[in-house]
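The primary structure of each chain is shown beneath.
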Amino acid sequence: QVQLAESGGGLVQAGGSLSLSCAASGGAFRWYTLGWFRQAPGKEREYVASIRWGGGGAAYTDSVKGRFTASRDNVKSMMYLQMNSLRPEDTAVYYCAATMQDTGSTWEADYPYWGQGTQVTVSS
């Protein structure tokens, strides 16, 4: 029902910053829990951050806490991921995802809607 598209990926040196955007269309954006996931080559997709539609602040996986900030703008139907103090291990394709569940799930199977992904590469 909702379509998602990520942008903002690119190359950055370790310690630098990038800001990712996720544009949504075709659905009632404010009623979706939004998530960021990432997948490095040869590895499983992993949870990064999420913002529930039912309220509360953003949640993060331990490896990005204090460095990444997720936010959403329901008027613009946009979600953002500000990434600071980037490390080479942050290199991955980053995906925007959405679900109408409000459980705070970190499991990718709970998110039925996905963007195409945007590449983030952090050099040493």
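See the structure above.
Right, let's walk through the structure included here. Since the structure is predicted, the reported quantities are computational estimates derived from the model, not experimental observations.

1. Observations concerning the state of the cysteines
Here is step 1 of the chain: Going through the model one piece at a time under the given rule, you end up with one disulfide.
Here is step 2 of the chain: Disulfide partner of Cys 22: Cys 96, at an S-S distance of 2.0 Å. The sign of the S-S torsion, about -75°, decides the handedness of the disulfide formed by Cys 22 and Cys 96: left-handed. Pair noted here: Cys 22 is in strand β3 (residues 18-25) and Cys 96 is in strand β9 (residues 92-99), with a separation of 74 residues, a long-range link. By the burial criterion, Cys 22 is buried, and Cys 96 matches it.

2. Examining the sheet that holds strand β1 (residues 3-7)
By way of backbone hydrogen bonds, the strands of a sheet pair with one another, either parallel or antiparallel.
Here is step 1 of the chain: Sheet architecture is open: four strands sit in the order β1-β3-β8-β7, paired in antiparallel fashion. Two strands close off the open sheet at either side, each with one partner strand: β1 and β7 (68-73). Here the average twist between neighbouring strands, direction ignored, is 15°.
Here is step 2 of the chain: Of the strand pairs in this sheet, β3 and strand β8 (residues 78-83) are connected by six bridges, and their pairing is antiparallel. Considered in β8, the bridge of Leu 18 is made with Met 83.

3. Examining the packing of aromatic side chains
For any two aromatic rings, the description comes down to two numbers: the centre-to-centre distance and the angle of the planes.
Here is step 1 of the chain: Tallied over the entire structure, the rule returns six aromatic pairs.
Here is step 2 of the chain: The interplanar angle of 80° and the centroid separation of 5.7 Å between the aromatic rings of Tyr 32 and Tyr 113 together place this pair among those described as edge-to-face. With a gap of 81 residues between them, Tyr 32 in the loop between β3 and β4 (33-39) and Tyr 113 in strand β10 (residues 113-114) connect regions that are remote in the sequence.
Here is step 3 of the chain: Here the aromatic residues Phe 37, Tyr 47, Tyr 95, Tyr 111 and Trp 114 are joined through ring pairs into a cluster of three or more.

4. Topic: the side chain of Ser 105
Here is step 1 of the chain: The residue Ser 105 is located in the loop between β9 and β10 in this model.
Here is step 2 of the chain: One polar contact links the side chain of Ser 105 to the main-chain amide nitrogen of Trp 107, over a distance of 3.0 Å.
Here is step 3 of the chain: Side-chain polar atoms of Ser 105 contact the side chain of Asp 110, separated by 2.5 Å.
Here is step 4 of the chain: With residues near it in sequence (within four places) discarded, Ser 105 still touches Tyr 47, Asp 110 and Tyr 111.

5. Notes on the pattern of salt bridges
Here is step 1 of the chain: Throughout the structure, instances matching the rule amount to four salt bridges.
Here is step 2 of the chain: The partner of Asp 62 in a salt bridge is Lys 65, with the nearest N and O atoms 3.1 Å apart.
Here is step 3 of the chain: Take Asp 62: its relative accessible area is 62%, and that puts it in the exposed class.
Here is step 4 of the chain: With a closest N to O distance of 2.7 Å, Arg 67 and Asp 90 form a salt bridge. With Arg 67 in the loop between β6 (59-60) and β7 and Asp 90 in the loop between β8 and β9, this pair connects stretches of sequence that are 23 residues apart. The same class applies to Arg 67 as to Asp 90, namely buried.
Here is step 5 of the chain: What you see here is one network of salt bridges that share partners, running through Arg 38, Glu 46, Arg 67 and Asp 90.

Quick notes on the rules
Residues numbered from 1 in each chain as written. Predicted model: local features only at pLDDT ≥ 70, side-chain atom pairs only at ≥ 80, totals over all residues. Heavy atoms only, no water. Disulfide = S-S within 2.5 Å. Helix = DSSP H or I, 4+ residues; strand = E, 2+ residues; numbered from the N terminus. Buried < 20%, exposed > 50% of the residue type's maximum accessible area, 1.4 Å probe, protein only. Pairing = 2+ DSSP bridges. Axes fitted to C-alpha atoms, helices over the stretch in contact; angles between N-to-C directions. Phe/Tyr/Trp six-rings, centres within 6.5 Å; stacked < 30°, edge-to-face > 60°. Polar contact = N/O pair within 3.5 Å; in protein donor to acceptor, adjacent residues only side chain to side chain. Contact = heavy atoms within 4.5 Å. Salt bridge = Lys/Arg side-chain N within 4 Å of Asp/Glu carboxyl O.

Note that every value here comes from positions in space, so none of it alone points to a role or purpose.
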